[in-house]
Amino acid sequence: MSKAKDKHKHEAAEKSQKRSQRDAAHSAANGNAALDAPTTKLTSVFYEEELKRLQFELVRLQYWVKERGQRIVIIFEGRDAAGKGGMIKRVTEPLNPRGVRLVALGKPSDTEQTQWYFQRYVEHLPSAGEIVIFDRSWYNRAGIEHVMGFCSDDDYWEFMRACPEFERLLVGAGIHLIKYWLSVSDEEQERRFQERAGNPAKLWKLSPMDLLSRERWVEYSKAKDTMLEYCDIEQARWYQIEADHKRRAHLNCIRHLLSLFSYQDVMPKPLKLKSRPPADEEYIRPPHEAHLIVPDYYAGEATT
């Protein structure tokens, strides 16, 4: 087993060198704007207006996906409290729910544990015209399962070997595979944990696994590094989003996502509705008192 690990480490070193060279070339071509980005918080007015603009573009993108029969898979991964839920909400809220699916799988069943590891994820892949978003994905094995000891070393290293090949098959089959890692600092994660712990309405967000993750920050960091060495492949790159500032992260993610597609405007033209048919003079509606009406609790409140 030690020889296998040494082989994997040697391969990881080679992959790291190649990825560093590739990223250096990418940075030289595109500048280092991300490194120089300001850290000030966005105003509510600017954020809401820009979010509205970008979400409108998401709707345009979805029309194009349906029209051209495209298949898109978007993976969101990251540390606990990195903001995956809020990010996914901003992406999905303007879209037609019939064309976008959110997949957030729980613990595998006894039967699923005997299957090929990727099997339960394959059945959720998109059909033509669909967008599928994974709130955590097959990368559970590279992160939480490995750090928490839920899988063996053999299973872990087999995943590292098989995952790039699996993803190349998906891309080769015509699926757009987009992978986002939400990066949050140690200090910001702790602040969010403390906020959840002190708010009974948010305690459900703080699972026992989240509490364990606080104690294993370094282990998770090492697991992420290894995952990138093996699985940041040319056909399906890992895109990291700095997520300490949630509003900035939301806008950066959506804008980047849109930039990955050369979509055309195939949105339908606005409709001009015809006049409604005349009322049926013979129809008499039941009296208002015949129905069980929910009280207007806010009838006396000011409406401005």
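Everything below is about the structure shown above.
Quick look at the structure, then. (Residues numbered from 1 in each chain as written. Predicted model: local features only at pLDDT ≥ 70, side-chain atom pairs only at ≥ 80, totals over all residues. Heavy atoms only, no water.)

Quick word on the overall build of the protein chain
Assigned secondary structure in the protein chain consists of 10 helices and five strands. Across the 304 residues in the protein chain, those meeting the buried criterion constitute 38%. Total accessible area computed for the protein chain in this model is approximately 19700 Å², and 52% of it derives from carbon and sulfur atoms. (Helix = DSSP H or I, 4+ residues; strand = E, 2+ residues; numbered from the N terminus. Buried < 20%, exposed > 50% of the residue type's maximum accessible area, 1.4 Å probe, protein only. Areas by Shrake-Rupley, 256 points an atom, 1.4 Å probe, with all protein chains shown as cover.)

Some words on the pattern of salt bridges
Side chains bearing opposite charge may pair, as long as their charged atoms lie close to each other. Summed over all chains, the structure comprises 17 salt bridges. A salt bridge links Glu188 to Arg192; its shortest N-O distance comes to 2.8 Å. Placement of both Glu188 and Arg192 in helix α7 (residues 186-197) is noted, with a separation of four residues, approximately one turn of the helix. Just as Glu188 is buried, Arg192 falls in that class too. The salt bridge partner of Arg237 is Asp232, with a shortest N-O separation of 2.7 Å. Overall, the relative accessible area of 18% leaves Arg237 in the buried class. Exposure remark for Asp232: the relative accessible area of 6% places this residue in the buried category. (Salt bridge = Lys/Arg side-chain N within 4 Å of Asp/Glu carboxyl O.)

Overview of the pairing of strand β3 (residues 130-135)
Where burial is concerned, most of β3 is hidden: five out of the six residues are buried. Pairing analysis gives six bridges linking strand β1 (residues 71-78) to β3, with the strands arranged parallel. The partner of Val73 across the bridge, within β3, is Val132. Here four bridges tie strand β2 (residues 100-103) to β3, and the two strands are oriented parallel to one another. The residue of β3 that forms the bridge with Arg101 is Val132. (Pairing = 2+ DSSP bridges.)

Comments concerning the pairing of strand β4 (residues 175-183)
Burial analysis of β4 places eight of its nine residues in the buried class, which makes it a mostly covered element. Examined bridge by bridge, β1 and β4 share eight bridges and lie parallel to one another. By the bridge assignment for β4, Phe76 is matched with Tyr180.

Some remarks on a nonpolar patch on the surface
Judged by side-chain polarity, Val294, Tyr297 and Tyr298 come together as a nonpolar surface patch covering roughly 440 Å² of accessible area. Residue placement: Tyr298 occurs in the segment after α10 (246-259). (Patch = residues over 30% accessible without salt bridge, like charges linked within 9 Å, V, L, I, M, F, W, Y side chains within 5 Å.)

As for the packing of aromatic side chains
Inspection of every chain in the model, using the stated rule, returns 20 aromatic pairs. Ring plane angle 80° and centroid distance 5.8 Å describe the contact between Tyr139 and Phe159, whose orientation is recorded as edge-to-face. One end of the pair, Tyr139, is in the loop between β3 and α5 (144-147); the other, Phe159, is in helix α6 (residues 153-172), with 20 residues separating them in the sequence. Plain terms: the ring middles of Trp181 and Trp238 are 6.4 Å apart, the flat faces sit at 80° to each other, and that makes the pair edge-to-face. With Trp181 in strand β4 and Trp238 in strand β5 (residues 238-242), the pair connects residues that are 57 residues apart, well separated along the chain. Assigned by exposure class, Trp181 and Trp238 land together as buried. Among the aromatic residues, those joined into a ring-pair cluster are Trp116, Tyr117, Phe118, Tyr121, Phe134, Trp138, Tyr139, Phe159, Phe166, Trp181 and Trp238. Note that Arg79 overlies the ring of Trp217, its terminal NZ or CZ placed 3.4 Å from the centroid. (Phe/Tyr/Trp six-rings, centres within 6.5 Å; stacked < 30°, edge-to-face > 60°. Lys NZ or Arg CZ within 6 Å of the ring centre and 35° of its normal.)

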